[in-house]
Amino acid sequence: MDENGTSNEPNNKWKLPLFVFFKDARLVFKLDALSREILGIAFPSALAVAADPIASLIDTAFIGHLGPVELAAAGVSIALFNQASRIFIFPLVSITTSFVAEEDTIEKLNIEAAENKFSDKDKAKFSEAMHEDHKLQDIEKGTTKENIELLLLYISDANTNICKTSSVISSNKVKDKVGKKKRHIASASTALLFGIILGLLQATILIFAAKPLLWVMGVKHDSPMLQPAEKYLRLRSFGAPAVLLSLAMQGIFRGFKDTTTPLYVIVSGYALNVALDPILIFSLKMGIKGAAISHVLSQYVMALVLLLILMKKVSLVPPTIKDLQIFRFLKNGGLLMARVVAVTFCVTLAASLAARLGSIPMAAFQTCLQVWLTSSLLADGLAVAVQAILACSFAEKDYKKTTAAATRTLQMSFVLGVGLSLAVGVGLYFGAGIFSKNVDVVHLIKLGIPFVAATQPLNSLAFVFDGVNYGASDFAYAAYSLVIVSVVSVAIEFILYRSKHFVGIWIALSIYMSLRMLAGIWRMGTGTGPWRYLRGQSLS
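Each value, and the rule that gives it
Residues numbered from 1 in each chain as written. Predicted model: local features only at pLDDT ≥ 70, side-chain atom pairs only at ≥ 80, totals over all residues. Heavy atoms only, no water. Axes fitted to C-alpha atoms, helices over the stretch in contact; angles between N-to-C directions. Helix = DSSP H or I, 4+ residues; strand = E, 2+ residues; numbered from the N terminus. Parallel < 35°, antiparallel > 145°, perpendicular 65-115°, else oblique. Contact = heavy atoms within 4.5 Å. Nonpolar A, V, L, I, M, F, W, Y, C, P; charged D, E, K, R; others polar. Phe/Tyr/Trp six-rings, centres within 6.5 Å; stacked < 30°, edge-to-face > 60°. Buried < 20%, exposed > 50% of the residue type's maximum accessible area, 1.4 Å probe, protein only. Lys NZ or Arg CZ within 6 Å of the ring centre and 35° of its normal. Core = buried A, V, L, I, M, F, W, Y, C linked by side-chain atoms within 4.5 Å. pLDDT = per-residue confidence, 0-100.

Let us look at the packing of helix α15 (residues 380-396) against helix α16 (residues 399-431). Running from N to C, α15 and α16 cross one another at 175°; their axes reach a closest spacing of 9 Å. It follows from the interaxial angle that α15 and α16 lie roughly antiparallel. Contact residues: α15 offers L382, V386, I389, L390, S393 and F394, while α16 offers Y399, K401, T402, A405, A406, T409, M412, S413 and L416. When grouped by side-chain class, the residues that make up the contact of α15 with α16 number 10 nonpolar, 4 polar and 1 charged.

What follows is the structure, given as structure tokens:
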């Protein structure tokens, strides 16, 4: 119900939820309040999300001048590291964003609801007490959650009957001070704890199991790629704790709908990476090792700066261990991890199959894959925006806004995908020579261009549907649907690889993204799960 006593539930007149995707499509180019909110979150987030692939792309360009063997070796290592990271990153960041947004929204709603219960007389009494009682003034100076509870208990004992809730202070003076205090968000503390643990786990696995993992990726023991790939992977793995911790903090900021702060930090960090690349790779003659070291150094700088900023906004140490949402993270994280493992296996298998074709096909595949992922991940900014907005709107039970935000963002993602198709197709065709001087590598890159370009609208929609599912806390469907999609796609990859080789791999990846997109359409378009209210919604 809204403040006027009317329900936020949509009217029930239509029986085809699928039509909801076309709702207010004419407004997709209109910069109204909803579009400004979406783009205000999406644009900085898109730049931040794209920063890592762009940095890897620049690494690839620098390494490409060392030779095709080094380029292929870095390609295999980067693919392995990124896919291993995604197993932990996406569940951690997605859950953190939703939980922080939900927890922060509920806390604000509780404050507003309880604050409305205060009468003007109660507020006057409280304000007078604040000025007259020395004990209350001392408490006011160091207002924390515990002091607020103590303050309310004191007022209750004094029989002022100002308030009986343990989470609200009615005085405007204290309210202003509380607003400037650190937030107490239990899910934020939990996210950082998991970020550190998972980062150390990933680093340990990749460092000590580098050689067998590269073998799984198709790098044989007698391959010239093995030694440089092993060096690059092990060095870059030392940055895994910083990567996971940084992403956990980005999830917290996203939950607060603040994607600008992480952007500044990330851009600065990767600018350092780009500056160090030519120095370490060529000036100090460290070669492929220099590229890995520059990347790791930039990751730790970013993690440190983000942590210092976050410490000023959020109390990172929970009052008690019980406040940590460990089991809630594990339950939903387990679902998303199964999803990510399935999805990761598809992309990793594609890279592995390309590596089995030799150094030249692998070098070309790596270049196409980096461009494919980098351009597609621009849509992830919209996914972050819709996730944060939906998490807040579902917590408020504002179903009109959930529908409007989801459909508007999906429409924006399609427009973005069409634009990316043109930009990627033209850019990669004329810019293939930037990544390699080898004629055979450039030829194979151009064979992959139609698939890399044509799948951009599919990729954009698929990524935004992920954000829609996460914002609705529909983690179970997100996991089960993508496991099914991945099983089908893996079979297709093997079949097309044997018959079409390099081109067959890209056909299979195109089919895979099509199935991911259709899985998103099915959930919302059939009005099931959290979208049950769409059944019979009026689109007027």
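Here the narrative resumes.
Attention now goes to the packing of aromatic side chains. What describes a pair of aromatic rings is the distance from one ring centre to the other and the angle between the planes of the rings. The tally for this structure, following the rule as stated, stands at 13 aromatic pairs. Ring geometry for F194 versus F329: centroids 5.7 Å apart, planes at 10°, classification stacked. Separated by 135 residues along the polypeptide, F194 in helix α7 (residues 186-208) and F329 in helix α13 (residues 326-356) bring together distant segments of the chain. As far as the burial class goes, F194 and F329 line up, both buried. Centroid distance F365 to W506: 5.4 Å. Interplanar angle 40°. Geometry classified as tilted. Placement of the pair is F365 in helix α14 (residues 359-376) and W506 in helix α19 (residues 475-525), with a sequence separation of 141 residues. By the burial criterion, F365 is buried, and W506 matches it. By the ring-pair criterion, three or more aromatic residues cluster together here, those being F99, F194, F329, Y470 and F475. Lying over the aromatic face of F99, R328 brings its terminal NZ or CZ to 3.7 Å of the ring centre.

By size, the foremost hydrophobic cluster in this structure holds 139 residues, and its most contacted members are F365, W506, M524 and W531. Not counting the four nearest positions on each side in its chain, W531 is found in contact with L390, F394, T402, A406, V468, A472, R523 and M524.

With that settled, the discussion passes to unusual backbone geometry. Its identity as a non-glycine residue notwithstanding, K257 has a phi of 65°, on the positive side. In this fold, K257 is placed in the loop between α10 (240-255) and α11 (260-283). According to the relative accessible area criterion, K257 is partly exposed, its value standing at 30%. Its identity is not glycine, yet S473 carries a phi of approximately 55°, on the positive side.

This part takes up the confidence of the model for the protein chain. Here the protein chain averages 82 in pLDDT, and 83% of its residues register 70 or above. Mean pLDDT across the elements of the protein chain ranges from a minimum in helix α6 (residues 172-180), with 45, to a maximum in α10, with 94. Scored below 50 in pLDDT, residues 1-7 makes 4 contacts in the model with residues more than four places away or belonging to other chains. Note that residues 134-145 has pLDDT below 50 and, in this model, 22 contacts with residues that lie over four places away or in other chains.

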